[in-house]
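Here is what each chain is made of, one letter per residue.
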Amino acid sequence: MLKSTRRHFFHIGYHGARYSGWQKLSKAITVQEVIETVLSKILKQPVAINGCGRTDAKVHASQYFFHADIPDNLDFDLLFRLNKLLPDDIAVFDIIPMQGDPHARFDGVIRTYDYFIHNYKDPFLSNFSSLYPDQDLDLDAMKKAVSILPHYTDFRALCKTPDRIEHTICHVKSAGLYIDGNGSKLRFNITANRFLYKMIRITVGRLLEIGKGQMSTDEFEFYIANKQTPKIIIPAHPQGLYLSKVTYRYLDLEPRSAFSLLNSTDWYPL
């Protein structure tokens, strides 16, 4: 006899270094594929999962949600079994039964990303943060550029493929730049209702150009204001990027991951 199913939200985190992103692909290992395979094995039936968004190859998520319709009232601890069978770089924090048919992707109202940079070679940071060595960056100029972001809503200039989507409107709630106590690490934080393809990595790439004097803040704002995509776009490295919080009107959980070594230091706003 078939068991009735119920929609559940799964609160997870993952280290993306060895994955080709979240979204399932035909010829590459992805986070979605690994979880679907394990979940289907445990439940002894095919299970499709829907994530709260895509992440690029090597990008991390300290908070991520997906939903799945699974049998209700299981007679075993699914959370325990999932974490036992999943690899160490994927963790399930909570499994939350939901009412109705909420959608992990379409119902998300706020998303926050963090991007980490370190300026010296460190084997313990290489997969968790992006190395940009020996940069004498103009932090004041970078801070000014970051402060521009919440004043605009159309970010066509910061999208890799703007013509492939319906619109390039994003409502940026906040954006900030932080530095650690010894000045060797930077953290860029941004919160908005949605983000465009490679938008954050392109933004960080521009901020680094501004910091190195290769682009002025006026040029940066000109591109955004005039919705112009520069001919050359160099996104920042993927491994520094984290999806760090996803909020729903009906669900707002604190992240369970702590950015590993990166949160062991104090961060100060610029």
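Residues numbered from 1 in each chain as written. Predicted model: local features only at pLDDT ≥ 70, side-chain atom pairs only at ≥ 80, totals over all residues. Heavy atoms only, no water.

Visitor: Could you clarify how one ought to interpret the overall build of the protein in this entry?
Guide: Scanning the protein for helices and strands turns up five helices and ten strands. Relative to the compact-globule value of 18 Å for 270 residues, the protein shows a C-alpha radius of gyration of 20 Å, a close match. In terms of its C-alpha atoms, the protein occupies a principal-axis envelope of roughly 65 × 40 × 35 Å. Residue burial in the protein is summarised as follows: out of 270 residues, 51% are buried. In the protein, the proportion of contacts linking residues at least 24 apart, taken out of those at least 6 apart, comes to 74%. Split by element, the accessible area of the protein, about 13800 Å² in all, is 50% carbon and sulfur. Taken as two groups, the 33 positive and 29 negative side-chain charges of the protein have centres that lie 6 Å from each other. (Helix = DSSP H or I, 4+ residues; strand = E, 2+ residues; numbered from the N terminus. Rg over C-alpha atoms; globule rule 2.2 N^0.38 Å. Buried < 20%, exposed > 50% of the residue type's maximum accessible area, 1.4 Å probe, protein only. Contact = heavy atoms within 4.5 Å. Areas by Shrake-Rupley, 256 points an atom, 1.4 Å probe, with all protein chains shown as cover. Lys, Arg positive; Asp, Glu negative; His and termini not counted. Charge placed at Lys NZ, Arg CZ, Asp CG, Glu CD.)

Visitor: Just checking my understanding: could you explain the UniProt feature "active site" (unreviewed entry) in the protein for this structure?
Guide: When the UniProt feature table is mapped onto this chain, "active site" (unreviewed entry) is found at Asp-56. Along the chain, Asp-56 falls in the loop between β2 (50-51) and β3 (60-71). Beyond its immediate sequence surroundings of up to four residues, Asp-56 is in contact with Gly-21, Tyr-197, Lys-198 and Arg-201. (UniProt positions renumbered as here; feature names shortened; annotations may be inferred.)

Visitor: Would you take a moment to explain the pairing of strand β1 (residues 5-14) for this structure?
Guide: Every regular strand shows the same layout, with side chains that alternate between the two sheet faces. With eight of ten residues buried, β1 lies mostly within the body of the structure. In terms of strand pairing, β1 meets β3 through nine bridges, oriented antiparallel. Each bridged residue has a counterpart across the sheet, and for His-8 the counterpart in β3 is Ala-68. Note that β1 and strand β4 (residues 90-97) share seven bridges and pair antiparallel. Each bridged residue has a counterpart across the sheet, and for His-11 the counterpart in β4 is Asp-94. (Pairing = 2+ DSSP bridges.)

Visitor: Whenever I open this one, the environment of Val-34 confuses me. Can you help?
Guide: Residue position: Val-34 is located in helix α1 (residues 31-43). C-alpha separation for the pair Val-34 and His-167, spaced 133 residues apart in sequence, amounts to 32 Å. Not counting residues up to four positions away in its chain, the partners in contact with Val-34 are Tyr-19, Ile-29, Leu-86, Pro-87 and Ile-90.

Visitor: Can you help me understand the packing of helix α3 (residues 139-148) against helix α4 (residues 199-211) in this one?
Guide: When two helices pack together, their arrangement is given by the angle between their axes and by how far apart the axes lie. Close contact between α3 and α4 brings their axes to 8 Å; oriented N to C, the two are set at 145 degrees. For the pair α3 and α4, the crossing hand works out as right-handed. Across the interface between the two elements, Ala-141, Met-142, Ala-145 and Val-146 of α3 pack against Leu-207, Leu-208, Ile-210 and Gly-211 of α4. Residue composition of the contact of α3 with α4, grouped by class: seven nonpolar, one polar and no charged. (Axes fitted to C-alpha atoms, helices over the stretch in contact; angles between N-to-C directions. Left-handed = near helix turned anticlockwise from the far one by under 90°. Nonpolar A, V, L, I, M, F, W, Y, C, P; charged D, E, K, R; others polar.)

Visitor: Sorry if this is basic, but what is going on with the UniProt feature "domain: Pseudouridine synthase I TruA alpha/beta" (unreviewed entry) in the protein here?
Guide: Those places that UniProt annotates as "domain: Pseudouridine synthase I TruA alpha/beta" (unreviewed entry) correspond, in this numbering, to residues 154-248. Along residues 154-248 the backbone is 23% helical and 26% strand, and the end-to-end C-alpha distance reaches 23 Å.

Visitor: When you look at the side chain of Lys-185 in this model, what are you seeing that I'm missing?
Guide: Position of Lys-185 among the secondary structure elements: in strand β8 (residues 185-192). When its relative accessible area of 12% is taken as the criterion, Lys-185 is described as buried.

Visitor: What am I meant to see in the packing of aromatic side chains here?
Guide: Here a ring pair, both rings aromatic, is described through the centre-centre distance and the interplanar angle of the planes. According to the stated counting rule, one finds 14 aromatic pairs in the structure shown. Judged by centre distance (5.5 Å) and plane angle (85 degrees), the rings of Phe-65 and Tyr-248 are edge-to-face. Within this pair, whereas Phe-65 is found in strand β3, its partner Tyr-248 is found in strand β9 (residues 241-248), the two being separated by 183 residues in sequence. Tyr-248 shares its class with Phe-65; the two are buried. The interplanar angle of 55 degrees and the centroid separation of 5.6 Å between the aromatic rings of Phe-116 and Trp-267 together place this pair among those described as tilted. You can see Phe-116 sitting in strand β5 (residues 108-118) and its partner Trp-267 sitting in strand β10 (residues 267-269), a full 151 residues away along the chain. Comparing Phe-116 with Trp-267 shows no difference in burial state: the two are buried. It is Arg-81 that lies over the ring of Phe-76; its NZ or CZ is 4.0 Å from the centre. (Phe/Tyr/Trp six-rings, centres within 6.5 Å; stacked < 30°, edge-to-face > 60°. Lys NZ or Arg CZ within 6 Å of the ring centre and 35° of its normal.)

Visitor: Can you help me understand unusual backbone geometry in this one?
Guide: Most peptide bonds take the trans configuration, and most residues that are not glycine carry a negative phi. If you check the backbone angles, Lys-44 has positive phi at about 60 degrees while not being a glycine. On the basis of relative accessibility, which here comes to 75%, the residue Lys-44 falls in the exposed class. Of note in the backbone geometry, Asn-73 takes a positive phi value of approximately 55 degrees without being a glycine. Within the element layout of this structure, Asn-73 appears in the loop between β3 and α2 (78-85).

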